[in-house]
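Secondary and tertiary structure notes
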Number of protein chains: 2
Amino acid sequence: MDKNAPFQTYDDQTDAATCAPRLAALRVELAKHGLDGFIVPRADEHQGEYVPKRAERLAWLTAFTGSAGAAIALKDKAAVFVDGRYTLQVRQQTDTKLFDPRDLVGEGLATWIENNLPRGAKLGYDPWLHTAAAVDLLRGSAEKAGGTLVACETNPLDAVWSDQPPPPTERAIPHAMNLAGEAAESKRTRIAEDVKKLGADAAAITLPDSICWLLNIRGGDVPHTPFALAFAILHQDGSTDLFMDERKSSPELAKHLGNAVRLKAPSEFVPALDAMKGKIVIADPTTASSAIFDRLKKAGAKVKPAADPCQLPKACKNAVEIEGARNAHVRDGAALSRFLAWLAREAPGGHLTEIDAATQLEGFRRATGALSDLSFDSISGAGSNGAVVHYRVTRSTNRPIKKNEMFLIDSGAQYPDGTTDVTRTLIVGEPTAEMRDRFTRVLKGHIALATVRFPDGTTGAALDAFARRPLWEAGLDYDHGTGHGVGSYLSVHEGPQNISKRPITQVLKPGMICSNEPGYYKTGAFGIRIENLVVVSEAKEVSGGERKMMEFETITLAPIDLNLVEPRLLTEEERDWLNAYHKRVWETLSPQVDDETRGWLERATRAI
Amino acid sequence: MDKNAPFQTYDDQTDAATCAPRLAALRVELAKHGLDGFIVPRADEHQGEYVPKRAERLAWLTAFTGSAGAAIALKDKAAVFVDGRYTLQVRQQTDTKLFDPRDLVGEGLATWIENNLPRGAKLGYDPWLHTAAAVDLLRGSAEKAGGTLVACETNPLDAVWSDQPPPPTERAIPHAMNLAGEAAESKRTRIAEDVKKLGADAAAITLPDSICWLLNIRGGDVPHTPFALAFAILHQDGSTDLFMDERKSSPELAKHLGNAVRLKAPSEFVPALDAMKGKIVIADPTTASSAIFDRLKKAGAKVKPAADPCQLPKACKNAVEIEGARNAHVRDGAALSRFLAWLAREAPGGHLTEIDAATQLEGFRRATGALSDLSFDSISGAGSNGAVVHYRVTRSTNRPIKKNEMFLIDSGAQYPDGTTDVTRTLIVGEPTAEMRDRFTRVLKGHIALATVRFPDGTTGAALDAFARRPLWEAGLDYDHGTGHGVGSYLSVHEGPQNISKRPITQVLKPGMICSNEPGYYKTGAFGIRIENLVVVSEAKEVSGGERKMMEFETITLAPIDLNLVEPRLLTEEERDWLNAYHKRVWETLSPQVDDETRGWLERATRAI
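Here's a quick rundown of the structure.

Thresholds, definitions, all that
Residues numbered from 1 in each chain as written. Chains lettered and ligands numbered in written order. Predicted model: local features only at pLDDT ≥ 70, side-chain atom pairs only at ≥ 80, totals over all residues. Heavy atoms only, no water. Helix = DSSP H or I, 4+ residues; strand = E, 2+ residues; numbered from the N terminus. Buried < 20%, exposed > 50% of the residue type's maximum accessible area, 1.4 Å probe, protein only. Contact = heavy atoms within 4.5 Å. Polar contact = N/O pair within 3.5 Å; in protein donor to acceptor, adjacent residues only side chain to side chain. Pairing = 2+ DSSP bridges. Buried area = accessible area lost by both parts, 1.4 Å probe. Salt bridge = Lys/Arg side-chain N within 4 Å of Asp/Glu carboxyl O. Nonpolar A, V, L, I, M, F, W, Y, C, P; charged D, E, K, R; others polar. Axes fitted to C-alpha atoms, helices over the stretch in contact; angles between N-to-C directions. Least-squares fit on C-alpha atoms with pLDDT ≥ 70 in both. Parallel < 35°, antiparallel > 145°, perpendicular 65-115°, else oblique. Left-handed = near helix turned anticlockwise from the far one by under 90°.

Right, let's get into the environment of Val492(B). All names here are of chain B. As for its position among the elements, Val 492 is in the loop between β22 (483-485) and β23 (494-499). Residue classification places Val 492 among the buried residues on the basis of a relative accessible area of 1%. Along the sequence, Val 492 and Gly 412 sit 80 residues apart, while their C-alpha atoms lie 8.3 Å from each other. When neighbours within four sequence positions are excluded, Val 492 is seen to be in contact with Ser 375, Phe 376, Thr 419, Thr 420, Asp 421, His 484, Gly 485 and Val 486.

Pasting the structure below:
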């Protein structure tokens, strides 16, 4: 990967005109194999959010480039499934005469298959690209329709994708102790203990963030996330088979991995599963490929379905990782402040666009000298584009940043010591009373979550409503979660914790990093989101307190636009929080920025 | 039932000395049947919270009288399982040399069986007294231990309980249209539609509150809840077989039920299940007896496990039921105000006890002329007894209501137009600063929940934390739910809604009645709870509002003790709520009470 090339590009990467010939070619190939249809998910063998170019099968076939979705091609009809974030985008990108856009969540593949698969039809799927849980669901639907679901030995889409890129082979590198905070050997030993406690001989680890965390390695196989793609089998004794292309290795990496980690070719993974006869093997049905379950069962192994044993330990960052995250956020906050100061100077001139802003922000982050990548494509939305929750600017959607309009920028960086994710919304010129009211309500929700103290054992689901109540009082809400987990120089979206309406049962544990990002979106007008990252930590005791309590430490540092705050809507405590936060931003960042930025920062962080 | 007899008694109903001979007799009986053990739940065939005397098997065997629990008797050991509410009580009541007190929730029967059932042992259970879901769990545990779970044709405990009371035969009466608001025929028709939509031919209805609601009947078979115990089968055409002792019927009831409801003897229920061959029958695995599933399967019926189809419609009260609830709460609030005024006069004299208070309150409720029963035994707790969350006063625990101590009274009434449940906590004399601080935090939580507006689709779990946050801020919490559903002249605890930490997915729907009852308990010192009932209703629209919003209407009317409120801890909005609530209490109740009470009420509801 050329580290000097921009991490974000703004070209329209796909073309609806390719849909017809590609779908036709796929159908010819399916007929050769006696199949009546095929399911194309937006997933690779590892079920990560970012996938290598080789795995962008959904975009290749349908021209839809969203980060989640699927397509089903039958003989005489085809559908593309997207969630609420992408209902507009999919219609702009795909050929809707060929692919009927459907609701991924409300309807889902399962219901569509039930209603559309012809009786007796054979519907193919690539068992490496679907989780075991997903396949169970799809099989039930196919059978309800009177058809059958057929696992394909080889992927028929790959067969017709003549210029499909090869699997990536970017160098994997050690993630040093001063960043990881715990030696890989220690991690392997304690996770192996957990595997043993569950009564298993080994665990098949398939999530790339789990493997990178477990072995303290990072790589460059996918955009925006330092994954080294691989499979691993962790044995009860802590030794590990790592199935990874040898070209990604190096003498340095081999030394780092040590003797207890056996580097093997990816092609040896299936034979290794086949050799597990009589063994009890943990695999996660919600994240591991169906193919892994199939192979293990066929080999005579006993599969124990359980959560990936690395996910929870990985989510609970240690002191070194937390300190790294704090440092990364100071660095990132300084870059973001330079950007916001630049924007405050330049935007009123009226010549800036969304792409200009995103490019400039990438430049300031790059100038820190520590940037490995963006943690995702910046969402740079002016005016009505700000109301598109997962907007990604391209040359064809690029919009000027106009006077008296709001501008929302949600962005993040990958630094070796930490992953950042921050959203700021600002006004160029003068806001309307409605803008100030809505912004202040979002801010009140943000503060309510930032300041909550809660007992050990509390879930994110129990706290979510604090961030929404000021909007609820005005009959408003937002249709996304309030907080997601964030990795440590890993994926910007990670589980198992979550702060949302979804009734998940994972409690918030010390060391977990989460986003705090309430928002408000007025379609066709403007969007607001205020996002900081927080770390779950044990709360200081208060006099008379009886329970072990947790609190959030806010680690993101950047001014919140005071031009959008309506002070009369804030309580005294809320105003105190805002002023204290801005004081901390000023004190921490002012030594880190140039004079021009410092002058702006002082005004931007003034007490109100 | 003698309607003039007190609804609450204060005698110790059991005696630990009976444990030894009864356990011995049960073991002899088990040996006769080749059983090595037997499970005794605190449940009848209908899984209601209140059971007839005949079904108080757990109390008969162990002397433990709590409202939930179970026992297991093996050949050489026995255990009694209770939840956190009853850990103290069980040790006072049972013979702990015979019955080892265990944790019903943390450990549970399942884990205990795994660890204690001898290999090869046969553990008996009465399949009419356990739900299908519970039996699945118990069977798994018995098998893990290398034993077997054996369904008993007849209950071996009943065989040795020589003076076991007969099944109750209290008169069932029609619940009139001016109370029910919807004709039974209409209910049967629409629930039958739901059954049809689920693809079933019929539904086995086993919960007494479902049957009483569906057929608009009430009865007197169990304490404190107007249940007519029965089973029912609702057919797709809306016609219903009602299996109920004929002695409970009357010409009036037969006329009310009409021709579409066929009254049959309870002994005909099993043959009716046996006749369902080839039919698809809904049964609720979480509430219906395992025996019902066993019979249906054996008969060749297809059992469709689904929620009891009456539970959700029953929970959503219609306009007549809500108006009835409001009226019942005015009547009850007047009675409670008379009581509180009396207590304010008498308690400082220092001669009152917890039993005096509960007796006097029952008297004031009875004097309304509309009282059918208490909705549960009043929790009348002075000083440290107030900290026992589910305290029930008896002659042996009865405590004087002392000066400068707090007194908590949680009570409710069954009126034909509505069921009430209210808790007030007050101080006799002067509170400490700690008492005022804790009481005010509980009040702040109560107000936070009472005033929340929330979007359609919100669960109670999402709102629970609002009631806790003021306590969380001081490092405190309470170990019970914040709100339970309440029936309409039915059970004071009903589902499927709930406001608690439990991640249930049932959303709050218009017409649901819930309690709002945060608390705080300082063991050995005092207890605080402030409980009002609320009705979920559609919120009035606010200008600029975009979503359909819900709100709570508080229907309980009684003063909240201002002597315990620390005004400096209240926000202006909280103070406004309290003053507006007290104004409403005054305006509504002052015309309903005697002069002496009115004088007290005016002071008790003064603006602060």
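Another point: the side chain of Ser375(B). All names here are of chain B. For Ser 375, the location among the structural elements is in the loop between β15 (373-374) and β16 (379-382). Here Ser 375 falls in the buried class, since its relative accessible area comes to 0%. A polar side-chain atom of Ser 375 sits 2.9 Å from the main-chain carbonyl oxygen of Thr 420. Aside from chain neighbours lying at most four places away, what touches Ser 375 is Tyr 50, His 224, Gly 412, Ala 413, Gln 414, Thr 419, Thr 420 and Val 492.

Our next topic: the pairing of strand β26 (residues 526-529) of chain B. Alternating residues of β26(B) divide into Phe526(B) and Ile528(B) and Gly527(B) and Arg529(B), and every residue in both groups is buried. Here strand β25 (residues 519-522) of chain B hands over to β26(B) after 3 residues, with Gly524(B) in that stretch at a positive phi of 80°.

With that out of the way, let us pick up the interface of chain A and chain B. Of the residues lining the interface, 32 residues belong to chain A; the matching set on chain B comes to 32 residues. Three residues, Arg469(A), Trp472(A) and Arg547(A), lead the burial of chain A against chain B; their summed loss comes to 26% of the area buried on that side. Inspection of the region where chain A meets chain B yields 2 salt bridges. In this structure, the salt-bridge partner of Arg547(B) is Asp479(A), at a minimum N-O distance of 2.9 Å. Summed over the shared surface of chain A and chain B, the number is 14 residue pairs in polar contact (both at pLDDT 80 or more). Listed by contribution, the elements that provide at least two residues to the side of chain A that touches chain B are α16 (433-450), β21 (453-455) and α17 (460-472) of chain A. For the side of chain A that touches chain B, the element with the highest residue contribution is α17(A), accounting for 7 residues. Partitioning the side of chain A that touches chain B into residue classes produces 17 nonpolar, 6 polar and 9 charged.

Let us look at the sheet that holds strand β4 (residues 99-103) of chain B. All names here are of chain B. Here 6 strands make up an open sheet; going across it, the order is β4-β3-β2-β1-β5-β6 and the pairing mixed. The open sheet terminates on both sides in strands that have one partner only, identified here as β4 and β6 (148-151). The average undirected angle you get between the axes of adjacent strands in this sheet is 25°. Summarising the sheet, strand β3 (residues 78-82) and β4 pair through 5 bridges and their orientation is parallel. Bridging from a neighbouring strand, Phe 81 pairs with Arg 102 of β4.

Okay, the relation of the copies chain A and chain B next. In this arrangement, two copies of a chain are superimposed by a rotation about an axis accompanied by a shift along the axis. Each copy of the sequence occupies a distinct position, and chain A is placed on chain B by a rotation of 180° and an axial shift of 0.1 Å, giving an RMSD of 0.1 Å. Classification of the inter-copy transformation places it as that of a two-fold axis. The residues that chain A uses at the interface reappear at the interface of chain B in 100% of cases, marking a shared surface.

Another aspect to go through is the pattern of salt bridges. Residue and element names in this part refer to chain A. As enumerated under the stated definition, the model contains 94 salt bridges over all chains in all. For Asp 464, the salt bridge goes to Arg 468, with nearest N and O atoms at 2.6 Å. Taken together, the residues Asp 464 and Arg 468, both in helix α17 and 4 residues apart, mark about one turn of the helix. Of the two residues, Asp 464 and Arg 468, neither departs from the other in class, the shared state being buried.

The next point concerns unusual backbone geometry. A negative phi holds for most residues other than glycine; trans holds for most peptide bonds. Note the cis peptide between Gly495(A) and Pro496(A), where omega equals 0°. Positive phi outside glycine occurs at Asn216(B), with the angle close to 50°. Structurally, Asn216(B) can be placed in the loop between α9 (208-215) and β9 (217-218). Residue Asn216(B) is classed as buried on the basis of its relative accessible area of 2%. Even without a glycine there, the phi angle at His224(B) is positive, about 70°.

Turning our attention to the packing of helix α16 (residues 433-450) of chain B against helix α17 (residues 460-472) of chain B. All names here are of chain B. Running from amino to carboxyl end, α16 crosses α17 at an angle of 155°, the nearest separation of the two axes being 7 Å. Compared by their axis directions, α16 and α17 come out roughly antiparallel. The way α16 lies across α17 gives a crossing that is right-handed. Only Leu 463, Phe 466, Ala 467, Pro 470 and Leu 471 of α17 make contact with α16, whose side of the interface consists of Arg 441, Val 442, Lys 444, Gly 445, Ala 448 and Leu 449.

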